[in-house]
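A structural walkthrough
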Amino acid sequence: MTAAFNLSNSNCDYCRINPRRAADLFCCDGCALLAQMEHKKLDPSSDQGPSLEDQKLTLDFGKQQGGLTAFYFQVDPLACEACLQGLVRVREFYPAIRDIEWDRNLSSLKILFYHGQELPTQIYGFLKSLKLNPKWLSRDSLHKVRSVHRQRILRIGLLAALAGNIMMFAVPTYVGIAPEWKPLFEHVQGLIFLPVLLWGALPIYQSAISSFRLRQLSVDLPLALAFLSGSLLSYASLIQGNGQIYFDSLSGFLFLILLSRFLMENSIANSLRAPTLETLFDNPYFKVRSCSNRASITSSFEDRQIGEIQVGDLVQVPQGGRIPVDGVLISEGVEIDTSWLDGESLPRLRMKGASVSAGAKVISANALIRVECEPLKTDFAKLIGEVSKVSEKLGTSWEAKVGNWLVLACFGLILFLMTQIGSLGSSEVFKRSLALLIVACPCAVSFAAPMARARASFIARKLGFWIRDPKVWDRLRDPQKIAFDKTGTLTEGILKLSQDSPMIDEHLKRIILSLENQSQHPIAEALRKAWGQKELFEVSNGREVVGQGVEGSINGHFYELHRRAVTTGGAQLVLRRDHREVLELDMDDSGKPEVLAALKELQKTRSLYLLSGDTTTRVHTFARKIGVPVSHAWGGLTPQEKLKVIQELAPDVYVGDGTNDVLALRSATVSVAPASAAAEAKAAADLVMMGSEVHRLGVLFEIGAESRKVVQRNLQISLIYNVFAGAAAVFGMINPLVAAVLMPISSLALGFSTLMATRKLRDIERSAQISTARNP
Amino acid sequence: MNVLLLMIPITLTLSFFFVGAFLWATRSGQWDDVDMAARKALSEDIKTVGDHDETKQH
């Protein structure tokens, strides 16, 4: 019990910073691998020099920089600081690497090899073993994204410099500079303010124009109007010399607005953006034999990129690779993993002439496929394309709606003031309207709300949740209906030795592992994982019988390890020696124990639902196991059917991981994907769990509730301030100068409110860590 | 107060100098990787192929 309260004992064995994953010594796969490298002196590099494939990759993806070649990879966000240190240590294993750079904001890696010694395939494999899900980036694809990001840094930095300098010249005019110097100081302010007006505020103008074109009210519309009116009035006053200049307030205000948006953008997992079809495959080249038209018929297989494959071509997909096209199988018989489509844990056997779909994985042997549908036109490609489309979920932000009402009220009052031109005079109406625009701009929407969301996102990240859409906090309202995909999300999607399996003696384990040694089948992988490395026997005439199992002779005996039957949720294996049965093994995909416990806990207070492409029988069996009513569980669903169920059921949260979940993830109010999810599923989700954080979903909901409280409180402050200050402006009790002073004061009050609430959020974070430490 | 005639141009020149330095830093990618340099300094000296070649040349 004493150890249960000792945080350090429950932290990761390698980095000692983050809490351990449930039933594990480490916090992430990166730490597990690095610990292995340290203790066992594991060296991932091989002594082999660059291969032919390395040379081709260098030509197509390498960028020459002096005597070095740079390769760029998009990687998943790093789970912990130790993973970053692990990246630094990559150079220990690959002396051909001159340097390595990691861009935190874009989550991209730049790896510089000495010219002539490029090993891109090896480094790709290493990054994959760190579970960073690397994606090849061409020379120029990163440049575009990076230049946009640099432009934003440039804008924020220059605005800070310009606002600071304007302030430096403004302060002496407030504290009593000699009158003869005042005009000079004001003119210098006007001069420095010019780039702020013409360049710094461009994002606000652009957003206002686009909202005007789309006929949608946006907070940037009054912001742009207030900023432009204030600027023009200030320049007019500067020329007339009447002292009503607001350059300092305007530039400071603009800086704060853009800074808060910049911080909010940086708090989200930018790197988990929608993948393209080209980046979804481990190897950017496919072995293709052209048969599509007479002019390009080739007698041998050539390396081609995905966009160059045509209908009628023959494509060779290696064992373990993903199929890029819809087509017909030419090979004799191949086992194919279709879990992306139907959630089935076991591979399916496809015979010659069978149709195969893009996105499926080839398991048992190399597959030769005749292309029936080009890679870019398959259902799989269309699904991937869906992910990159802008989500409509953003429109549901409730505080944006309140902001819009404020904007409408503001314009209504200005119209009212215009009707009073006869009695008040045009100059007075302009002054009051300007004061109203400046004083009543909805700060809670433009400044305090993004800040509150950014803080919530940072804290959620520490708990293992990466935020893809910062506005997810507005939609995460005390979720009552939570729907889960089964395979991969709640179960591991891979077979494991059943807990009911009999004790097996070491000799038989060695025989089984020797037979399975060359097999890539999930069953072989599961057995290797369960029993670890063992000394193997020499197998003669060993072979894999597609759809059945493996067989071969060991020490003069003929052994067969065959799959006897596919049961609900697993498979039964039988080992025969000289055709006599000696052992029976059960394999199943029954679910992670920590996840099952977390689900039972969630089930007490919320309604859970199961959606799966897997068979209805298996889904119902699993539902009963975790105490979910069978009426809440659906099996055999296609991606479109899942979408339909989500639309009808309207759950508050949907958790899914496969390509078949993409449509449902995009449609759900709040969608969550685990770290092991397909790249396209992660890109379609609002939140990504860095590990199996299902047991922390409750804490995530608390953060959501807390951040909503902050935004609500900020809105209340903002509304009270807007009503009183707006009324004062309309009745001419404050002039634009006072409005310009009041506005930053209200912004500071809102910032302070956000900061106070952040302490509460930190408490949640601390209590969550303690609770994880107590229940590792 | 005449000193202000000197101070204002100096201030503005200094500002332009720092803004110029910031522009150069951003455009040359100085903010792209703000994490690795500190860690590289902490990690032990790692011999690369290039270091080996340089040693041979000496």
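About the thresholds
- Residues numbered from 1 in each chain as written.
- Chains lettered and ligands numbered in written order.
- Predicted model: local features only at pLDDT ≥ 70, side-chain atom pairs only at ≥ 80, totals over all residues.
- Helix = DSSP H or I, 4+ residues; strand = E, 2+ residues; numbered from the N terminus.
- Buried ≥ 20, exposed ≤ 12 C-beta atoms within 10 Å, placed from the backbone.
- Contact = placed C-beta atoms within 7 Å.
- Axes fitted to C-alpha atoms, helices over the stretch in contact; angles between N-to-C directions.
- Parallel < 35°, antiparallel > 145°, perpendicular 65-115°, else oblique.
- Left-handed = near helix turned anticlockwise from the far one by under 90°.
- Nonpolar A, V, L, I, M, F, W, Y, C, P; charged D, E, K, R; others polar.
- Pairing = 2+ DSSP bridges.
- Core = buried A, V, L, I, M, F, W, Y, C linked by C-beta atoms within 7 Å.
- pLDDT = per-residue confidence, 0-100.
- Arc of directions from axis to C-beta.

Counting its secondary structure elements, chain A contains 26 helices and 27 strands. Burial status across chain A gives 47% buried among its 776 residues. Counted over contacts in chain A with a minimum sequence separation of 6, partners at least 24 positions apart contribute 67%.

Next up on the list: the packing of helix α9 (residues 220-240) of chain A against helix α10 (residues 247-266) of chain A. Residues and elements named next belong to chain A. For the pair α9 and α10, interaxial distance at closest approach is 10 Å and the crossing angle is 155°. Classified by the interaxial angle, the pair formed by α9 and α10 is roughly antiparallel. Considering the relative orientation of α9 and α10, their crossing is left-handed. Note on element contacts: α10 touches α9 through F247, L250 and L254, opposite F227, G230, S231 and S234. In terms of residue class, the contact of α9 with α10 is built from four nonpolar, three polar and no charged.

Our next topic: the interface of chain B and chain A. Of the residues lining the interface, 24 residues belong to chain B; the matching set on chain A comes to 28 residues. Secondary-structure elements contributing two or more residues to the side of chain B that touches chain A are α1 (3-27), α2 (36-42) and α3 (49-57) of chain B. Per-element tally for the side of chain B that touches chain A: the top contributor is α1 of chain B, with nine residues. Of the residues contributing to the side of chain B that touches chain A, the split by class is 12 nonpolar, five polar and seven charged.

For the rest of this paragraph, the subject is the packing of helix α6 (residues 141-174) of chain A against α1 of chain B. Their axes nearest at 10 Å, the elements α6 of chain A and α1 of chain B cross at an angle of 170°. The orientation of α6 of chain A relative to α1 of chain B falls into the category roughly antiparallel. Contacts between α6 of chain A and α1 of chain B involve R150, I153, L154, G157, L158, A161 and N165 of chain A on the former and, on the latter, S15, F18, V19, F22, L23, T26 and R27 of chain B.

Attention now moves to the sheet that holds strand β10 (residues 333-337) of chain A. In sheet architecture, strand pairing relies on hydrogen bonds along the backbone and comes in two forms, parallel and antiparallel. All names here are of chain A. Strand order in the open sheet formed by three strands is β11-β10-β13, with antiparallel pairing between adjacent strands. Edge positions in the sheet fall to β11 (348-351) and β13 (361-362), since each has one partner strand and no second. As paired elements, β10 and β13 share two bridges and run antiparallel to each other. Residue pairing in the sheet places I336 in a bridge with V362 of β13.

Residue and element names in this part refer to chain A. Counting 133 residues, the largest nonpolar core has C31, I369, L610 and L665 as its most contacted members. Per-element accounting of this core gives the leading share, eight residues, to helix α25 (residues 697-730). Those residues in contact with I369 that sit more than four places away from it in its chain are V315, V317, I323, V325, G327, V328, L329, I330 and V356. Counting residues in hydrophobic clusters, the runner-up holds 51 residues, among them L254, L256, C410 and L434.

A word on the pairing of strand β2 (residues 68-74) of chain A. All names here are of chain A. Counting buried positions along β2 gives five out of seven residues, so the element sits mostly inside the fold. The turn linking strand β1 (residues 63-65) back onto β2 is made up of two residues, and G66 within it adopts a positive phi angle of 65°. Bridge count for β2 against strand β4 (residues 108-114) is seven bridges, and the pairing is antiparallel. Paired with T69 across the bridge in β4 is F113. Here three bridges tie β2 to strand β5 (residues 135-137), and the two strands are oriented antiparallel to one another.

This brings us to the sheet that holds strand β9 (residues 326-329) of chain A. Residues and elements named next belong to chain A. Taken in spatial order, the six strands make up an open sheet running β7-β6-β8-β14-β9-β12, and their pairing is antiparallel. Strands at the two margins of the open sheet, each flanked by one partner only, are β7 (302-305) and β12 (355-356). Bridging between β9 and strand β14 (residues 367-373) involves four bridges; their strand directions are antiparallel. Looking at the pairing, D326 lines up with C373 of β14.

All names here are of chain A. Counting buried positions along strand β16 (residues 481-485) gives four out of five residues, so the element sits mostly inside the fold. One ladder, built from five bridges, connects β16 with strand β23 (residues 607-611); its direction is parallel. When the sheet's bridge partners are listed, F484 is paired in β23 with L610. Note: β16 against strand β25 (residues 653-655), three bridges, orientation parallel. The residue bridging I482 from the neighbouring strand is V653, located in β25.

A word on the confidence of the model for chain A. Residue and element names in this part refer to chain A. Confidence along chain A averages 78 in pLDDT terms, with 82% of residues attaining 70 or more. Per-element mean pLDDT across chain A ranges from 65 in helix α11 (residues 339-342) up to 92 in helix α7 (residues 182-200). Residue range residues 1-8 is modelled with pLDDT below 50. Its contacts to residues more than four positions away, or to other chains, number five contacts. Below pLDDT 50 for its whole length, residues 771-776 participates in 10 contacts with residues either more than four positions away or in separate chains.

This part is about the environment of A483 of chain A. All names here are of chain A. Relative to the helices and strands, A483 resides in strand β16. Distance in space between the C-alpha atoms of A483 and A650 is 9.2 Å, their sequence separation being 167 residues. Beyond its immediate chain neighbours, meaning those up to four positions away, A483 contacts Y609, L611, I646, L649, P651 and Y654.

Attention shifts here to helix α5 (residues 120-129) of chain A. Residues and elements named next belong to chain A. What α5 keeps buried is the set P120, I123, F126 and L127. Projection of α5 onto a plane perpendicular to its axis shows the buried side chains occupying an angular sector of 125°, all on one side. Residues of α5 that are buried make contact with α2 (52-61), β2, α4 (90-93) and β4. Count one or two residues on from α5 and you reach K131, which has phi positive near 60°.

Moving on to the environment of I123 of chain A. Residue and element names in this part refer to chain A. Among the structural elements, I123 can be located in helix α5. Take I123: there are 25 C-beta atoms within 10 Å of it, and that puts it in the buried class. Dropping the residues within four chain positions of it, I123 is found in contact with Y94 and I111.

Here we take up the confidence of the model for chain B. Residue and element names in this part refer to chain B. Of all residues in chain B, 71% attain a pLDDT of 70 or more, and the chain-wide mean is 75. When mean pLDDT is taken per element in chain B, α1 scores highest with 87 and α3 scores lowest with 49. Across residues 53-58 the pLDDT falls below 50, and counting only partners more than four positions away or on other chains, this stretch makes zero contacts in the model. Interface confidence for the predicted complex, given as ipTM, is 0.78, next to a pTM of 0.67.

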